[in-house]
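Residue-level structure breakdown
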Amino acid sequence: HIYLKENGEEVTCDFTEPNMFLTDYHSFIHQTPSQSIFEAIQPAKYLYTSRQELFRLYQYSSNMEKLGRMEAEGIALRISRMAQSLLGLKAEERYLYLLENRPALVRQVAQKHLASYLGIQPESLSRIRRKLRSN
């Protein structure tokens, strides 16, 4: 999930793993054009639904409404955790946390997107990786 700043700079905000929902909640809730780009890093199948269709599904099935709520909570937790780490952890600590909790992601994602997600420049990520390899 990449956010496009007004100056055209891309900032990686989140990564969605297989079988997870993804959305730009601001756009979804306010029904405005999204400022986000969703890019698949490997072949993917996706299912699209409109806001109206989703709400109809929620009305039809309490299980689907529960699933939607659980997915929204999961996304909120990931975003909250990342915001806390950006505020409270050093770049190396953020990388180590990601390496420990989402190792497949670290292996699969391009360095520029990983660095952006961690709030650092790709060169800084290279230095962190070199330092960790040498320890």
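Here is a short report on the structure shown in this document. (Residues numbered from 1 in each chain as written. Predicted model: local features only at pLDDT ≥ 70, side-chain atom pairs only at ≥ 80, totals over all residues. Heavy atoms only, no water.)

**Quick look at the overall build of the protein chain**
In terms of helices and strands, the protein chain carries seven helices and three strands. Each helix (α) and strand (β) of the protein chain, taken in turn from the N terminus, gives the series β-β-α-β-α-α-α-α-α-α. With respect to the three principal axes, the spread of C-alpha positions in the protein chain is 55 × 35 × 30 Å. The buried share among the 135 residues of the protein chain stands at 25%. Taking the average place of the 18 positive charges on the side chains of the protein chain and the average place of its 15 negative ones, the gap between the two points comes to 5 Å. (Helix = DSSP H or I, 4+ residues; strand = E, 2+ residues; numbered from the N terminus. Buried < 20%, exposed > 50% of the residue type's maximum accessible area, 1.4 Å probe, protein only. Lys, Arg positive; Asp, Glu negative; His and termini not counted. Charge placed at Lys NZ, Arg CZ, Asp CG, Glu CD.)

**Quick word on the packing of aromatic side chains**
The geometry of an aromatic ring pair is captured by two quantities: the separation of the ring centres and the angle between the planes. This structure, assessed with the given rule, holds four aromatic pairs. Between Tyr 25 and Phe 28, the aromatic rings sit 6.3 Å apart at their centres with planes inclined by 90°, giving edge-to-face as the arrangement. Of this pair, Tyr 25 and Phe 28 both sit in helix H1 (residues 25-30), three residues apart, roughly one helical turn. On the basis of relative accessible area, Tyr 25 is assigned to the partly exposed category, the value being 29%. Ring plane angle 35° and centroid distance 6.2 Å describe the contact between Phe 55 and Tyr 58, whose orientation is recorded as tilted. Of this pair, Phe 55 and Tyr 58 both sit in helix H2 (residues 51-60), three residues apart, which is roughly one turn of the helix. Under the relative-accessibility criterion, Phe 55 is labelled partly exposed at 36%. Taken together, the ring pairs in this structure connect Tyr 25, Phe 28, Phe 55 and Tyr 58 into an aromatic cluster. (Phe/Tyr/Trp six-rings, centres within 6.5 Å; stacked < 30°, edge-to-face > 60°.)

**Concerning the sheet that holds strand E3 (residues 36-37)**
The strand order across the open sheet formed by three strands is E2-E1-E3, and the pairing between neighbours is antiparallel. The sheet is open, and its two edges are formed by strand E2 (10-12) and E3, each paired on a single side. Examined bridge by bridge, strand E1 (residues 2-4) and E3 share two bridges and lie antiparallel to one another. From the neighbouring strand, Tyr 3 faces E3, where its bridge partner is Ser 36. Together, E1 and E2 form the strand contacts of helix H6 (residues 111-118), whose direction differs from that of E2 by roughly 75°. (Pairing = 2+ DSSP bridges. Contact = heavy atoms within 4.5 Å. Axes fitted to C-alpha atoms, helices over the stretch in contact; angles between N-to-C directions.)

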